[in-house]
Amino acid sequence: MTYRDVYQASLSDPESFWMTAAQAIDWVTPPSRALFDRGDDLYEWFADGLVNTCYNAVDRHVEAGRGDQPAIIHDSPITGTKSSLTYSELRDRVASLAGALVAQGVTKGDRVIIYMPMIPEALEAMLACARIGAIHSVVFGGFAANELAVRIDDCKPKAILAASCGLEPGRIVKYKPLLDGAIEFANHKPDVCIILQRDQDQAELIPGRDLDWHAAQEGAAPADCIPVEGNHPVYVLYTSGTTGAPKGVVRPTGGHLVALHWTMKNIYNVDPGDVFWAASDVGWVVGHSYICYAPLIHGNTTVVFEGKPVGTPDAGTFWRVISEHNVRSFFTAPTAIRAVKREDPKGLERQKYDLSGLRALYLAGERADPDTIEWAQEILDVPVYDHWWQTETGYTIAGNPAGLEALPVKIGSPTVAMPGYDVQILDEAGHPQKPGELGAIAIKLPLPPGTLPTLWNAADRFRKSYLSTFPGFYETGDAGMIDEEGYLYIMARTDDVINVAGHRLSTGAMEEVLAAHPDVAECAVVGVSDKLKGQSPLGLVCLTSGVNRPHDEITSECVKLVRERIGPVAAFKNALVVDRLPKTRSGKILRGTVVKIADGETFKMPATIDDPVILDEIRAALQTIGYARE
Ligand code: COA
Ligand code: AMP
């Protein structure tokens, strides 16, 4: 079958397409049908099937004879250690951790927050929750206590699973004080925290609330896999929206299993038993789908990498890991490749390793610039596939289905829509655009299985954020176009979400922090171009009248405040005091125009601008800190 046939079949008869795909999953009770139309533009998949995610990701492989195959390889250049866990070992560890949760009263539907670095126990924690039907919510280690507190209050976890620390080059990130701080800030209090003590930092446990991970596991009876309904959430993952309040993306069990399994062969072109590596973090959607769930559901070996593309110890780390563990398909963010390229432009490190097992490099998370793709293609001598997706979808919206039919690569395009995604380009009024014309990228409802059915605790926000602009469509928040051959091009976000080093961040959240500074009357945060990270946040602040402290004192306080409230991952390093912000006559800040000025790009004077002179002031101010070069 060609890609075209498969894609057409998925749109013309989604019911039989997805019921066939569902056969790759072991159901306790198979679903009676695929799609459940709940009315009012809400849909669910496989809702009446009974199934368990952990069983499909772990136990069934042991039963099918893969017990001795490595399930997880942990490679940590930061600690200088490597280890591996077989599927049998993984099952035993997960069953006893799940037992420890059960012993603490955690049951189906309870939420569990996971705050862990890149160690196998992070995956064990996710799988242990899935085993008993508890809904996990992983929080990225680079977020500050305040962000963790916001998530605790939104999903109200009964338990929190955390490690004592994470490791960043040159510093130990002590998680426990952050966790304690977050629980103190939060209104909701978990019943129990189960803490994994790492050698690098022994955390102090609070009697009556905290338990030692291994001690809790040792005393516990292993828990069995509990069947859950296909529409039961396997997890909630918070992602940045346009405001400071993150959106809790809900991932339904049945569709998640079916869709992720489908992608492993058809997109990533691996067979069960092959080693697959996604160099991301379990705190992001890429980590959920392609470090933890998809490779395990498909019977692959997954690599959990605790390190950075450069500096741990050098720009050859990626190539060493690929060569040592015989990685077949490798997935990372363009930023990571740019970091390697910057350090080793000639690819000398790559020459030291035998990469003959590698078949392709997959890039996602942000726009893949042509230079990066071409460089990677040249030094690796394998196809480089850009693919486009979002936390909301959980897997590829547009990609190159290499395992089905490798389509010619057009650099600058993540290729074509994947099955079930009826991607269309719409103008502001919701009319379809012609090939080659720019517009908002929307997906005709229903979205395929595995994508978000709603937002946690926020059904109205779900509708408002995604379904209201274009009735009958899901609004992706990205703008772009489709060419005559159906290739998609992703140009920019249409909202205030920015992408820094492949990390999705909200400028609105940063503005809320800056606005809380006592000397700041008004502010705007924009994402300006950054050679390494794609975008980086820049804050413009107007001071409260009468404030006459040195500007650099105020801007350093702003930088510190964002780091304290949102976390180091915000990478907020630049703030600038300006007299006024450019606005429309109705008072809307012209952030897009500021970005164009900062990046030194030409722009059209907005017709609704209140006072064009402000743009010259902004340009002059930006030039003082190295932006707005003409
Ligand atoms: N826990 C705590 N802090 C973290 C963290 C974590 N898990 N991850 C990042 N941070 C910190 C970093 O230490 C850095 O702190 P600093 O300001 O004290 O230096 C800050 O957050 C910003 O991190 P980052 O934007 O990643 O920049 P960096 O300079 O540390 O590293 C790269 C640059 C290119 C090496 C890095 O961004 C990278 O590996 N990018 C790939 C991105 C990726 O895989 N994204 C996943 C989406 S698919
Ligand atoms: P996240 O939810 O963190 O995965 O971020 C999703 C957003 O990242 C998308 O809406 C895009 O703006 C951007 N993005 C992800 N992948 C790509 C890609 N391949 N090309 C361009 N932008 C991308």
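Residues numbered from 1 in each chain as written. Chains lettered and ligands numbered in written order. Predicted model: local features only at pLDDT ≥ 70, side-chain atom pairs only at ≥ 80, totals over all residues. Heavy atoms only, no water.

Here we take up the packing of helix α6 (residues 145–155) against helix α7 (residues 175–185). Viewed as axis vectors pointing N to C, α6 and α7 meet at an angle of 50 degrees, and their least axial separation amounts to 8 Å. The angle between the axes of α6 and α7 places the two elements in the oblique class. The interaxial crossing formed by α6 with α7 has right-handed handedness. Across from Ala-145, Asn-146, Leu-148, Ala-149 and Ile-152 in α6, the residues of α7 making contact are Leu-178, Leu-179, Gly-181, Ala-182, Ile-183 and Phe-185. The residue inventory of the contact of α6 with α7, partitioned by class, reads nine nonpolar, two polar and no charged. (Axes fitted to C-alpha atoms, helices over the stretch in contact; angles between N-to-C directions. Helix = DSSP H or I, 4+ residues; strand = E, 2+ residues; numbered from the N terminus. Parallel < 35°, antiparallel > 145°, perpendicular 65-115°, else oblique. Left-handed = near helix turned anticlockwise from the far one by under 90°. Contact = heavy atoms within 4.5 Å. Nonpolar A, V, L, I, M, F, W, Y, C, P; charged D, E, K, R; others polar.)

To continue, consider the sheet that holds strand β18 (residues 301–305). Pairing is mixed across the open sheet formed by seven strands, whose spatial order is β6-β5-β18-β17-β19-β20-β21. Two strands lie at the open edges of the sheet, namely β6 (81–86) and β21 (384–386), each paired on one side alone. Put simply, the sheet's adjacent strands are angled 20 degrees from each other on average, direction ignored. As paired elements, strand β17 (residues 275–278) and strand β19 (residues 327–332) share four bridges and run parallel to each other. Bridging across to β19, Phe-276 finds its partner in Ser-329. On top of the sheet, helix α4 (residues 87–103) reaches β5 (70–76) and β6; it is set at about 85 degrees to β6, its chief contact. (Pairing = 2+ DSSP bridges.)

Moving on, we get to the site of ligand 2. As a structural note, the neighbourhood of ligand 2 is formed by 15 residues, with Asp-386, Thr-391, Asp-478, Arg-493 and Arg-504 the closest of them. Between ligand 2 and Gly-365, the relevant distance is 3.1 Å, taken from a nitrogen atom to a main-chain nitrogen or oxygen of the residue. Contact between ligand 2 and Asn-499: an oxygen atom at 3.0 Å from a side-chain N or O atom of the residue. Here ligand 2 loses 93% of its free accessible area of 490 Å² to cover by the protein chains. Residues of the shell around ligand 2, tallied by class, amount to four nonpolar, five polar and six charged. (Near = heavy atom within 4 Å. Polar contact = N/O pair within 3.5 Å; in protein donor to acceptor, adjacent residues only side chain to side chain. Areas by Shrake-Rupley, 256 points an atom, 1.4 Å probe, with all protein chains shown as cover.)

With that settled, consider the side chain of Thr-86. For Thr-86, the position within the fold is in strand β6. Other than its neighbours up to four places away in sequence, Thr-86 contacts Gly-67, Asp-68, Gln-69, Pro-70 and Ala-71.

Okay, the packing of helix α3 (residues 53–66) against helix α10 (residues 285–297) next. Relative to each other, α3 and α10 sit at 55 degrees, their axes nearing to 8 Å. With respect to α10, the axis of α3 lies oblique. Where α3 crosses over α10, the two elements pack in a sense that is left-handed. Seen from α3, the contacting residues are Thr-53, Asn-56, Ala-57, Arg-60 and His-61; seen from α10, they are Tyr-293, Leu-296 and Ile-297. When grouped by side-chain class, the residues that make up the contact of α3 with α10 number four nonpolar, three polar and one charged.

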